[in-house]
Amino acid sequence: VQLQASGGGLVQAGGSLRLSCAAAGRTLTTYAVAWFRQVPGKEREFVSAISWSGSRTYYSQSVKGRFTITRDNAKNTVYLQMNSLKPEDTAVYYCAASRIYTETDYYRDTEYAYWGQGTLVTVSS
């Protein structure tokens, strides 16, 4: 599965962005998809994930209530709507896909087999 992340950019604190993760080469419909983010010099951090059906979603405490993950399997795309952005949300955001079988595995970057190239989100104060 080839993943393409897009939608990053520069936004002021309090603003919104919507990231997209589009798949090519294979359908995403049987894969869980997650977003992770990374700041240079820091470890990659889980942000959000969605089950293959879209019936279950997961969020880190730092983004819960501000970010929403959805998927459109007809378009082979997963979205991350980011509202009320804060400067600490600044990072490169990566989407990842895999078949996930346990709840705890949604949060682990090592469980994801396919990764997109990342899109930079910069939130200015």
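Relevant structure appears above.
Residues numbered from 1 in each chain as written. Predicted model: local features only at pLDDT ≥ 70, side-chain atom pairs only at ≥ 80, totals over all residues. Heavy atoms only, no water.

Undergrad: Would you mind going over the pairing of strand β1 (residues 2–6) with me for this structure?
TA: Successive side chains on a regular strand alternate, one facing one side of the sheet and the next facing the other. Burial along β1 is one-sided: the residues Leu3 and Ala5 are buried and none of Gln2, Gln4 and Ser6 is. Bridging between β1 and strand β3 (residues 17–24) involves five bridges; their strand directions are antiparallel. Residue pairing for β3: Ala5 is matched across the bridge by Cys21. (Buried < 20%, exposed > 50% of the residue type's maximum accessible area, 1.4 Å probe, protein only. Helix = DSSP H or I, 4+ residues; strand = E, 2+ residues; numbered from the N terminus. Pairing = 2+ DSSP bridges.)

Undergrad: I tried to follow the side chain of Ser60 on my own but got confused; where do I start?
TA: Here Ser60 is to be found in the loop between β6 (57–59) and β7 (67–72). On the basis of relative accessible area, Ser60 is assigned to the buried category, the value being 12%. Setting aside residues up to four positions removed in sequence, Ser60 forms contacts with Phe46 and Val47. (Contact = heavy atoms within 4.5 Å.)

Undergrad: Where do I start with the packing of aromatic side chains in this structure?
TA: Two numbers describe a pair of aromatic rings. These are the distance of the centres and the angle of the planes. In this structure the tally under the stated criterion is eight aromatic pairs. Considering the side-chain rings of Tyr31 and Tyr114, the 5.8 Å spacing of their centres and the 85 degrees angle between planes classify their relative orientation as edge-to-face. In this pair, Tyr31 sits in the loop between β3 and β4 (32–38) while Tyr114 sits in strand β10 (residues 114–115), placing the two residues 83 residues apart along the sequence. We classify Tyr114 as partly exposed; its relative accessible area is 24%. Through pairs of rings, three or more aromatic residues link up here, namely Phe36, Phe46, Tyr58, Tyr106, Tyr107, Tyr112 and Trp115. Taking the ring centre of Trp115 as reference, the NZ or CZ of Arg44 above it sits at 4.0 Å. Over the aromatic face of Tyr31 sits the side chain of Arg99, whose NZ or CZ is 4.4 Å from the ring centroid. (Phe/Tyr/Trp six-rings, centres within 6.5 Å; stacked < 30°, edge-to-face > 60°. Lys NZ or Arg CZ within 6 Å of the ring centre and 35° of its normal.)

Undergrad: Sorry if this is basic, but what is going on with the pattern of salt bridges here?
TA: It is possible for side chains of opposite charge to pair when their charged atoms get near one another. According to the stated counting rule, one finds five salt bridges in the structure shown. Residues Asp89 and Arg37 are paired through a salt bridge, measuring 2.9 Å at the closest nitrogen-oxygen approach. Taken together, the residues span a long stretch of sequence, with Asp89 in the loop between β8 (77–82) and β9 (91–98) and Arg37 in strand β4 at a distance of 52 residues. In this structure, Asp89 and Arg37 share a single accessibility class: buried. We note a salt bridge from Asp89 to Arg66, for which the minimum N-O separation is 2.8 Å. (Salt bridge = Lys/Arg side-chain N within 4 Å of Asp/Glu carboxyl O.)

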